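Analysis of the macromolecular model
As a plain string of letters, each chain reads:
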Amino acid sequence: MSNNNSSDKPWGGRFTEATDAFVERFTASVDFDRRFYRHDIQGSIAHATMLAECGVLTGEEKQQIIDGLTAIREDIETGNFNWSVSLEDVHMNIEAELTKRIGITGKKLHTGRSRNDQVATDIRLYLRDAIDEIAAELTRLQQGLLDLAAREADTIMPGFTHLQSAQPVTFGHHLLAWFEMLQRDYERLLDCRKRVNRSPLGAAALAGTSYPIDRELTSKLLGFDAPTGNSLDSVSDRDFAIEFCSFAALLMTHLSRASEEIILWSSAQFNFIDLPDRFCTGSSIMPQKKNPDVPELVRGKTGRVNGHLVSLLTLMKSQPLAYNKDNQEDKEPLFDAVDTVRDCLRAFADMAPAMLPKRDKMRAAAIAGFSTATDLADYLVRKGIPFRDAHEIVGKAVGYGVQSSKDLSEMSLDELKQFSSDIENDVFDVLTLEGSVAARDHLGGTAPNQVRQAVERNRALLSAR
Ligand code: ARG
């Protein structure tokens with residue numbers, strides 16, 4: 001029977017007037033959800049296959065549907081598909097086109113299914129692909145950091161607390177700190193993937209369906225780990241998208257921290273690294289400028305990703321079971337979070353390993369600022385002085401250094417002895433930068449030896465992926 005109603009919608013049966021033109025545009029999602037046409041078709045093919053397996057469709061009907069959907073996918077990919085706002089979303093656009101092409105069989109595809117479980121399936125399929133791409137990009141960045149850390153295991157730079165010179169560290173060690181942050185992000189991403197990878201298909205509108213469906217089969221056909229456990233929850237749950245955005249917000253927070261350091265380091269004031277020209281742009285008025293645009297943009301984009309997390313949390317807050325149209329609002333934040341994270345990782349994976357450290361400048365900065373003061377205190381402790389007293393003694397020596405513009409290592413033995421008679425000639429071994437970093441030779445310490453071991457440990461982690 002053809003649609004004999006005042007609406008041309010697939011759901012128009014009970015309506016007596018056409019949708020208001022503005023409401024049609026206001027409620028439509030096709031402009032953004034057409035992004036997952038591939039996943040929609042993938043889900044429909046699995047659904048039709050299952051329906052035939054269960055005797056709801058004939059084998060011939062199934063084949064017609066699969067051929068029709070496959071042809072539609074090709075047409076979408078080659079730009080030969082007319083998306084229509086009046087058909088609301090990606091699901092109805094594709095289904096209507098299928099029916100146009102294969103006739104009455106096309107109308108049978110939606111048997112035992114609703115757009116509610118359909119869209120939940122599509123987002124999960126889409127997000128699973130996105131996660132796999134992002135995981136690969138994250139791994140590429142981590143790999144690049146390990147390579148650079150291995151090359152810079154012996155490079156000495158100042159380590160900071162409160163952005164004040166604190167103790168010397170190795171540049172390789174600093175890069176490995178970034179690696180650790182990203183490693184936790186990777187673990188969070190994979191953990192999130194487990195909850196993404198469940199099949200809601202078969203939940204139908206909210207209560208399940210009266211057809212003899214096989215949810216295990218569609219789950220398997222789509223590569224999901226298992227079907228979800230409750231139909232009401234299946235159509236309303238967007239936790240997995242919130243979890244992804246939470247992963248994304250933390251990852252971006254980490255990238256923003258690294259960006260900030262790259263920006264500082266490439267400034268004339270720090271002058272620790274040179275950022276290759278291909279990652280920078282100039283100024284239209286100041287000819288001398290070379291701006292670190294890439295890390296600045298990554299730092300800036302953190303804001304929008306954090307915003308998407310808050311959007312999705314707020315979207316879900318207080319929603320009664322089961323599906324509500326509110327959930328159509330999940331897509332744009334999720335898509336933008338995926339795009340932003342993917343682009344930022346790509347930029348970072350290209351840029352971070354290409355940083356050119358200025359080793360002499362880093363070293364000079366590490367010498368300034370009494371960065372070996374703790375080493376002198378530790379030296380005094382080894383001579384039998386309690387740590388608090390040693391701290392006091394070294395504080396006085398630093399005060400003298402500030403007045404006389406001398407680093408600890410530049411003072412003569414006699415000058416140092418004014419502060420403690422326990423100081424001997426061997427003090428100069430610990431006051432050197434190399435002595436200071438080499439002394440921190442334990443798991444997680446900054447010694448070059450430890451940096452090399454950590455690089456090897458982490459390489460093994462990456463190659464096990
Ligand atoms: N475009 C809708 C969404 O993204 C699809 C589900 C619509 N379901 C419904 N009952 N109106 O959520």
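Refer to the structure above for everything that follows.
Let us now look at the pairing of strand β2 (residues 164–170). Summarising the sheet, strand β1 (residues 156–161) and β2 pair through six bridges and their orientation is antiparallel. In the strand pairing of β2, G159 is matched with Q167. Between β1 and β2, which follow one another and run antiparallel, lie two residues, and H162 among them has a positive phi close to 55°.

Moving on, we get to the site of the ligand. Around the ligand sit S29, D33, D89, H91, R115, N116, V119, Y323, Q328 and K331, and those are all the residues in its vicinity. Between N116 and the ligand, the recorded distance is 2.9 Å, taken from a side-chain N or O atom to a nitrogen atom. A distance of 2.4 Å separates an oxygen atom of the ligand from a polar side-chain atom of Y323. The biggest single contributor to the shell around the ligand is helix α6 (residues 115–151), with three residues. Looking at the shell around the ligand residue by residue, the class counts come to two nonpolar, four polar and four charged.

It is worth spelling out helix α3 (residues 37–53) at this point. End to end, α3 covers 24 Å across 17 residues, agreeing with the expected 24 Å (1.5 Å per residue, within 8%). Summarising burial for α3: 14 of the 17 residues are buried, a large majority.

The next thing to look at is the packing of helix α4 (residues 59–77) against helix α5 (residues 90–102). The relative placement of two packed helices is expressed as an angle between their axes plus a distance between the axes. Axis separation between α4 and α5 bottoms out at 10 Å; the angle between their running directions is 115°. With respect to the hand of their crossing, α4 and α5 are arranged in right-handed fashion. Mapping the contact onto sequence places Q64, I65, G68, L69, A71, I72, D75 and I76 in α4 and I94, E97, L98, R101 and I102 in α5.

Take a nonpolar patch on the surface next. A grouping of F22, V23 and F26 is seen on the molecular surface, where their side chains present a nonpolar patch of about 330 Å² in accessible area. Within the secondary structure, F26 sits in helix α1 (residues 21–27). By relative accessible area, F26 is classed as exposed at 63%.

Let's shift gears to the packing of aromatic side chains. On inspection of all chains with the given rule, the structure shows twelve aromatic pairs. Consider the rings of F22 and F26, whose centres lie 5.6 Å apart with planes at 25°: the pair is stacked. Taken together, the residues span about one helical turn, with F22 and F26 both in helix α1 at a distance of four residues. Centre to centre, the rings of F36 and F335 are 5.8 Å apart; their planes meet at 80°, and the pair counts as edge-to-face. Of this pair, F36 sits in the loop between α2 (30–33) and α3 while F335 sits in helix α12 (residues 331–351), placing them 299 residues apart in sequence. Accessibility expressed as a relative area gives 4% for F335, which makes it buried. An aromatic cluster of three or more residues is present, and its members are F36, Y126 and F335. R128 extends its terminal NZ or CZ atom over the ring of F224, reaching a point 5.2 Å from the ring centre.

Here M252 is to be found in helix α10 (residues 239–265). By relative accessible area, M252 is classed as buried at 0%. Along the backbone, M252 and R184 are 68 residues apart, and their C-alpha atoms lie at a distance of 13 Å. Beyond its immediate stretch of four places on either side in the chain, M252 contacts V298, K301, T302, V305, T340, V341 and C344.

On to a negative patch on the surface. There is a patch of like negative charges on the surface, built from D31, D326, E329 and E332. Among the secondary structure elements, E329 is positioned in the loop between α11 (293–316) and α12.

The subject of this paragraph is the packing of helix α7 (residues 171–196) against helix α19 (residues 448–463). Contact geometry of α7 with α19 gives a least axis separation of 10 Å together with a crossing angle of 30°. Relative to α19, the element α7 is oriented roughly parallel. Where α7 crosses over α19, the handedness of that crossing is left-handed. From α7, G172, H173, L176, F179, E180 and Q183 reach across to α19, where they touch V451, A454, V455, N458, L461 and L462.

Once that is clear, we can look at the pattern of salt bridges. Side chains carrying opposite charge are able to pair once their charged atoms draw close together. All told, the structure shown has 34 salt bridges when counted by the stated rule. Across the pair E88 and R115 runs a salt bridge whose closest N-O atoms are separated by 3.1 Å. Residue E88 is located in the loop between α4 and α5, and its partner R115 is located in helix α6; the two are separated by 27 residues in the primary sequence. Since its relative accessible area comes to 22%, R115 is described here as partly exposed.

Right, let's talk about the nonpolar core for a bit. Formed by 91 residues in total, the largest nonpolar core has its most connected members in L127, F244, L255 and M355. Excluding anything up to four places from it in sequence, M355 contacts L148, F171, L175, W178, I262, W265, I273, D274 and L275. In this structure, F370, A373, A390 and V398 belong to the second largest nonpolar core, which totals 19 residues.

Our focus in this paragraph is the side chain of Q328. Inspection of the secondary structure assignment puts Q328 in the loop between α11 and α12. Those residues in contact with Q328, other than ones at most four positions away along the chain, are T27, A28, S29, F32 and Y323.

Our next topic: the state of the cysteines. In the structure shown here, the tally under the stated rule is zero disulfides. Take C245: it sits in no disulfide, and the sulfur closest to it among the cysteines is that of C192, at 9.1 Å.

Conventions adopted
Residues numbered from 1 in each chain as written. Predicted model: local features only at pLDDT ≥ 70, side-chain atom pairs only at ≥ 80, totals over all residues. Heavy atoms only, no water. Pairing = 2+ DSSP bridges. Helix = DSSP H or I, 4+ residues; strand = E, 2+ residues; numbered from the N terminus. Near = heavy atom within 4 Å. Polar contact = N/O pair within 3.5 Å; in protein donor to acceptor, adjacent residues only side chain to side chain. Nonpolar A, V, L, I, M, F, W, Y, C, P; charged D, E, K, R; others polar. Expected span 1.5 Å × (residues − 1). Buried < 20%, exposed > 50% of the residue type's maximum accessible area, 1.4 Å probe, protein only. Axes fitted to C-alpha atoms, helices over the stretch in contact; angles between N-to-C directions. Left-handed = near helix turned anticlockwise from the far one by under 90°. Contact = heavy atoms within 4.5 Å. Patch = residues over 30% accessible without salt bridge, like charges linked within 9 Å, V, L, I, M, F, W, Y side chains within 5 Å. Areas by Shrake-Rupley, 256 points an atom, 1.4 Å probe, with all protein chains shown as cover. Salt bridge = Lys/Arg side-chain N within 4 Å of Asp/Glu carboxyl O. Phe/Tyr/Trp six-rings, centres within 6.5 Å; stacked < 30°, edge-to-face > 60°. Lys NZ or Arg CZ within 6 Å of the ring centre and 35° of its normal. Lys, Arg positive; Asp, Glu negative; His and termini not counted. Charge placed at Lys NZ, Arg CZ, Asp CG, Glu CD. Parallel < 35°, antiparallel > 145°, perpendicular 65-115°, else oblique. Core = buried A, V, L, I, M, F, W, Y, C linked by side-chain atoms within 4.5 Å. Disulfide = S-S within 2.5 Å.

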